[in-house]
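Listed below, chain by chain, are the residues.
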2 protein chains.
Amino acid sequence: MTQAAIIFILDSGERKGKAMKLQDYFPVWEKLTPAQQKQLEDSRLSRTVKKGTVLHSGSADCTGLLLIRKGQLRAYILSDEGREITIYRLFERDICLFSASCIMRSIQFEVMIEAEKDTELWIIPPDLYKRIMEESARIANFTNEIMAARFSEVMWLMEQIMWKSFDKRLAQFLLEESMLEGTSTLMLTHETIANHLGTAREVVTRMLRYFQSEGLVKLSRGTVEIADRTALEKLLNG
Amino acid sequence: MTQAAIIFILDSGERKGKAMKLQDYFPVWEKLTPAQQKQLEDSRLSRTVKKGTVLHSGSADCTGLLLIRKGQLRAYILSDEGREITIYRLFERDICLFSASCIMRSIQFEVMIEAEKDTELWIIPPDLYKRIMEESARIANFTNEIMAARFSEVMWLMEQIMWKSFDKRLAQFLLEESMLEGTSTLMLTHETIANHLGTAREVVTRMLRYFQSEGLVKLSRGTVEIADRTALEKLLNG
């Protein structure tokens, strides 16, 4: 973890600025006891991380629940050879559960969590959260729903990998990125795209060149420009 | 579902034979109230299904929790074109959660559950289980652990698919099958193997013929015999 990039502040609830509250993350907030609410309020940490910071690295690491106030995280897995694949992304108001994987002993897999943009977070300590899960069926069931939602995203990805051709996965990735960034000119190297999609750089380069020859994209150093969005969408859905 | 293959009996707890109890499935049993224990006991259904019976088909189906008393189930996903991949297997004393997917609204994926051997089950109705999960933080957290365990299996599979070559996945599958069946002569068609591993039959045939040419297996109609277990294990770990 790039410690230099991290600013740590104990948040006493007096922080000004964005008027986001813990109840925005926990729909079951009103069902917690005042004591539980106070413990969550008092123990949360505020943290700001730069784009590229690795926030969580495998199951030995147990940072806590990450509540995203602003920014974007990605969860990915890593092969022994250093290959990556993005398994899902988390946005404002999402909760990252696997950064607190020690709260459940059956979580037996290694996930990496990285800030994809400069990100503001609250961190709920894992011990406290685990205790409240043990006290409150509401929180336990809410946690179940978070895990089921992530599980659903991974199953969706599995289906994509198994049944969808690479050209469609790449078209989909470019369209999603364009939507998230609000631009047609994506600042992405072929290496970065390969790491999202779990393939080799050469495979990405070959397909992007084919896309370029078909007029779907324009390539230049470090950028991919979407040249024909309609054709990309047609490829994706065809 | 092959209704003809299913025998349905309301189990009043007097069934003789295997002395398995509900507490063998629920380590938190002693923490339930006597009323909850009685509801689970009284509402469970006993069911015997033949090998090949599809017990659950996608998220619209909500059969209930399946408690495996004897036999073997497999969970798999299905493509639009009818291709399959086994995502995990369930054995005696396991609990199948996704056959009760309606208990959590965030489960947004379609899993098929099939009996791989003749199987004896108890079924816990989903409504009852959901209510007890809402009442009991113990049961909610136990359910969390089941889901985390299945999630871990799927993540393991994802890593295999992404980072492991097909020869190793096939070697692993044959060794596992041999262990489960207690024999070196596996009654498996190439089509069945392809459905477990999420590939085309031709891919399996080609690799098995290569294995045969290397002396690892012997092929005949409908069977694959492991001829050199040590060499298969070496291939797997090499």
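Please refer to the structure higher up on the page.
Participant: Can you lay out the relation of the copies chain A and chain B for me, pointing to particular residues and giving the numbers?
Facilitator: For the pair chain A and chain B, the relating rotation is 180°, the translation along its axis is 0.0 Å, and the fit reaches an RMSD of 0.0 Å. Viewed as a symmetry operation, the transformation between the two copies matches a two-fold axis. Considering only C-alpha atoms, the residue of chain A closest to the rotation axis is Ala137(A), which sits at 1.9 Å. In this assembly the copies share their binding face: 98% of the residues contributing to the interface of chain A also contribute to that of chain B.

Participant: Give a detailed account of the sheet that holds strand E11 (residues 217–220) of chain A, specifying residues and quantitative values.
Facilitator: Residues and elements named next belong to chain A. One open sheet accounts for three strands, arranged E10-E12-E11; its pairing is antiparallel. Each edge of the open sheet is held by one strand with a lone partner, namely strand E10 (185–186) and E11. In the sheet, E11 pairs with strand E12 (residues 223–226) via four bridges, with the strands oriented antiparallel. Considered in E12, the bridge of Ser 220 is made with Thr 223.

Participant: Describe the state of the cysteines, and please don't skip the residues or the numbers.
Facilitator: All names here are of chain A. Scanning all chains against the criterion turns up two disulfides over all chains. Across the disulfide, Cys 62 is cross-linked to Cys 102 (sulfur-sulfur distance 1.8 Å). Its S-S torsion of about -70° marks the bond between Cys 62 and Cys 102 as left-handed, since a negative value means left-handed. Here Cys 102 lies in the loop between strand E7 (95–96) and strand E8 (112–115) and Cys 62 lies in the loop between strand E3 (54–57) and strand E4 (65–70), a separation of 40 residues in the sequence. Looking at Cys 96, it has no disulfide partner, and the nearest cysteine sulfur is the one in Cys 62, 11 Å off. Residue Cys 96 is classed as buried on the basis of its relative accessible area of 0%.

Participant: For the interface of chain A and chain B, give the residues involved together with the corresponding values.
Facilitator: The interface of chain A with chain B comprises 43 residues on the first partner and 42 residues on the second. Each partner contributes to the roughly 3500 Å² buried at the junction of chain A and chain B, and carbon and sulfur atoms together form 72% of this total. Inspection of the chain A/chain B interface yields 13 residue pairs in polar contact (both at pLDDT 80 or more). Among the elements of the structure, strand E5 (72–78), strand E6 (84–91), helix H2 (126–135) and helix H3 (137–163) of chain A are those that each provide at least two residues to the side of chain A that touches chain B. Of the residues forming the side of chain A that touches chain B, the biggest block, 20 residues, is contributed by H3(A). Per-class residue counts for the side of chain A that touches chain B are 25 nonpolar, nine polar and nine charged.

Participant: Please set out helix H1 (residues 34–43) of chain B residue by residue, giving values where relevant.
Facilitator: Residues that lie three or four places apart on an α-helix share one face, since the helix turns once every 3.6 residues. Residue and element names in this part refer to chain B. Of all the residues in H1, the buried ones are Gln 36, Gln 37 and Leu 40. All buried residues of H1 lie within an arc of 100° about the axis, which places them on one face of the element. Along H1, exposed side chains directed more than 90 degrees from the buried face belong to Pro 34 and Lys 38. Residues of H1 that are buried in the fold lie against strand E9 (119–124) and helix H2 (126–135).

Participant: Account for the packing of helix H4 (residues 166–181) of chain B against helix H5 (residues 190–197) of chain B, with residues named and values stated.
Facilitator: Residue and element names in this part refer to chain B. Between H4 and H5, the least distance of the axes is 11 Å, while the angle of their chain directions is 110°. Considering the angle they form, H4 stands roughly perpendicular to H5. The chirality of how H4 crosses H5 is right-handed. For the pair H4 and H5, the contacting residues are Phe 166, Arg 169, Leu 170, Phe 173 and Leu 174 in the first and Ile 193, His 196 and Leu 197 in the second. For the contact of H4 with H5, the class distribution of residues is six nonpolar, one polar and one charged.

Participant: So, the nonpolar core: which residues are in play, and what are the values?
Facilitator: Judged by nonpolar contacts, the single largest core of 106 residues is most densely connected at Phe26(A), Leu65(A), Phe26(B) and Leu65(B). The contacts of Leu65(B), once residues within four sequence positions are left out, are Phe26(B), Ile95(B), Cys96(B), Leu97(B), Ser99(B), Ala100(B), Ile103(B), Trp122(B), Ile123(B), Ile124(B) and Tyr129(B). In terms of nonpolar packing, the next biggest core, distinct from the first, is built from 21 residues, Phe166(A), Leu208(A), Leu232(A) and Leu236(A) among them.

Participant: Can you tell me about the pairing of strand E5 (residues 72–78) of chain B, naming the residues and giving the values?
Facilitator: Residue and element names in this part refer to chain B. When you tally the buried positions in E5, you get six out of seven residues, the bulk of the element. Examined bridge by bridge, E5 and strand E6 (residues 84–91) share seven bridges and lie antiparallel to one another. Across the sheet, residue Leu 73 finds its bridge partner in E6, namely Leu 90. Counted between consecutive antiparallel strands, the loop separating E5 from E6 contains five residues, among which Gly 82 sits at a positive phi close to 90°.

Participant: Could you give an account of the pattern of salt bridges, naming the residues involved and the relevant values?
Facilitator: Residues and elements named next belong to chain A. Inspection of the entire model under this criterion finds 22 salt bridges over all chains. Its salt-bridge partner being Arg 74, residue Glu 114 comes within 3.0 Å of it at the nearest N-O pair. Placement of Glu 114 in strand E8 and of Arg 74 in strand E5 is noted, with a sequence separation of 40 residues between them. In this pair, the class of Glu 114 matches that of Arg 74, namely buried. The structure contains a network of salt bridges with shared partners spanning Arg 74, Glu 84 and Glu 114.

Cut-offs applied
- Residues numbered from 1 in each chain as written.
- Chains lettered and ligands numbered in written order.
- Predicted model: local features only at pLDDT ≥ 70, side-chain atom pairs only at ≥ 80, totals over all residues.
- Heavy atoms only, no water.
- Least-squares fit on C-alpha atoms with pLDDT ≥ 70 in both.
- Contact = heavy atoms within 4.5 Å.
- Pairing = 2+ DSSP bridges.
- Helix = DSSP H or I, 4+ residues; strand = E, 2+ residues; numbered from the N terminus.
- Disulfide = S-S within 2.5 Å.
- Buried < 20%, exposed > 50% of the residue type's maximum accessible area, 1.4 Å probe, protein only.
- Buried area = accessible area lost by both parts, 1.4 Å probe.
- Polar contact = N/O pair within 3.5 Å; in protein donor to acceptor, adjacent residues only side chain to side chain.
- Nonpolar A, V, L, I, M, F, W, Y, C, P; charged D, E, K, R; others polar.
- Arc of directions from axis to C-beta.
- Axes fitted to C-alpha atoms, helices over the stretch in contact; angles between N-to-C directions.
- Parallel < 35°, antiparallel > 145°, perpendicular 65-115°, else oblique.
- Left-handed = near helix turned anticlockwise from the far one by under 90°.
- Core = buried A, V, L, I, M, F, W, Y, C linked by side-chain atoms within 4.5 Å.
- Salt bridge = Lys/Arg side-chain N within 4 Å of Asp/Glu carboxyl O.

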